[in-house]
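Fold and geometry: a report
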Amino acid sequence: MTRTAIYPGSFDPPTRGHEDLIRRSLRLADRVIVAVAVNSAKQPLFAVEERLAMLRAAVPDEPNVSFESFDGLLAEFAVRVGATLIVRGLRAVSDFEYEFQMALMNRRLHPSLETVFLVPAVDLTYLSSSLVREVARYGGDVSGLVPASVADALTARFRP
Ligand code: PNS
């Protein structure tokens, strides 16, 4: 039996924390679908296709990882693609309440779905897409915090 996990998020932009979680997810599942939500961020910095391209470039070496976008409910999409696990990263206590609510709601929508939380590498725990966006916007150095393709895209966006 093939176990499929889905790793959903906004990924605006992907960080090395996301990359770390994608690779860790492969320890739980045979196949991991990285799912970019189309309408979760109200005013995204990068278009969905750009985010997908950055994710593909960040993890080019894992044949069991695929990348898709989805619109609408995550639980519906997860069931449609045959996933039984939803993977989310937990960085700090502050993440917990939101993640707990989402996990219970997704289970209510589809009782067959289990959510699992993975902790990223300790040196990446303070990292978030919103912090990366802000630092990059004001000219700070984000290399090392994001995959190279993302660093390039941020430079092109803020320092064309
Ligand atoms: O990276 P994010 O922004 O924390 O990811 C949040 C995301 C995209 C996983 C969440 O907003 C989501 O699942 N959106 C799809 C719509 C949906 O299913 N909403 C109900 C969640 S219980």
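Details of the structure are given in the entry above.
What counts, and at which threshold
Residues numbered from 1 in each chain as written. Predicted model: local features only at pLDDT ≥ 70, side-chain atom pairs only at ≥ 80, totals over all residues. Heavy atoms only, no water. Near = heavy atom within 4 Å. Polar contact = N/O pair within 3.5 Å; in protein donor to acceptor, adjacent residues only side chain to side chain. Areas by Shrake-Rupley, 256 points an atom, 1.4 Å probe, with all protein chains shown as cover. 1 Å grid on protein atoms, 1.4 Å probe; cavity = no way out; pocket = protein on both sides within 12 Å on 5 of 7 lines; lining within 4 Å. Sits in = over half its atoms within 2 Å of the grid points. Pairing = 2+ DSSP bridges. Helix = DSSP H or I, 4+ residues; strand = E, 2+ residues; numbered from the N terminus. Axes fitted to C-alpha atoms, helices over the stretch in contact; angles between N-to-C directions. Contact = heavy atoms within 4.5 Å. Buried < 20%, exposed > 50% of the residue type's maximum accessible area, 1.4 Å probe, protein only. Phe/Tyr/Trp six-rings, centres within 6.5 Å; stacked < 30°, edge-to-face > 60°.

1. Notes on the site of the ligand
What surrounds the ligand is a group of 13 residues, the closest being Ser10, Gly72, Leu73, Leu74 and Arg88. The contact in question runs from an oxygen atom of the ligand to an N or O atom on the backbone of Leu74, over 2.8 Å. A distance of 2.9 Å separates an oxygen atom of the ligand from a polar side-chain atom of Arg88. Notes on the ligand: free accessible area 550 Å², of which the protein chains cover 76%. According to the grid-proximity analysis, the pocket containing the ligand is the largest pocket.

2. A few points about the sheet that holds strand β5 (residues 114-118)
Spatially, the five strands line up as an open sheet ordered β3-β2-β1-β4-β5, and their pairing is parallel. Edge strands, defined here as strands with exactly one partner in the open sheet, are β3 (65-70) and β5. Strand-to-strand twist of the sheet, defined as the mean angle between neighbouring strand axes without regard to direction, takes the value 30°. Where strand β4 (residues 85-89) meets β5, five bridges bridge the pair, whose relative direction is parallel. By the bridge assignment for β5, Gly89 is matched with Leu118. Against the sheet, helix α1 (residues 16-25) touches β1 (4-9), β2 (31-37), β3, β4 and β5, its axis set at about 145° to β4. Of the strands in this sheet, β2 and β3 touch helix α2 (residues 48-58), which is tilted by about 150° from β2.

3. Digging into α1
Most of α1 sits inside the fold, with seven of its 10 residues counted as buried. Restricting attention to buried positions, one finds in α1 the residues Gly17, His18, Glu19, Asp20, Leu21, Ile22 and Ser25. Where α1 begins, one side-chain oxygen reaches toward the backbone nitrogen of Gly17, 3.1 Å away; that side chain belongs to Thr15.

4. Structural notes on the packing of aromatic side chains
Taken as a whole, this structure holds three aromatic pairs when the rule is applied. An angle of 80° between the planes, with centres 5.3 Å apart, marks the rings of Tyr7 and Phe11 as edge-to-face. By relative accessible area, which is 5% here, Tyr7 ends up buried. Residue classification places Phe11 among the buried positions, given a relative accessible area of 2%. With 5.2 Å between their ring centres and 25° between their planes, Phe96 and Phe100 make a pair best called stacked. A residue pair is termed a helical-turn pair when its members lie 3 or 4 positions apart in one helix, as Phe96 and Phe100 do in helix α4 (residues 93-109) at four residues. Accessibility expressed as a relative area gives 40% for Phe96, which makes it partly exposed.

5. Digging into the side chain of Asp20
Within the secondary structure layout, Asp20 lies in helix α1. Under the relative-accessibility criterion, Asp20 is labelled buried at 14%.

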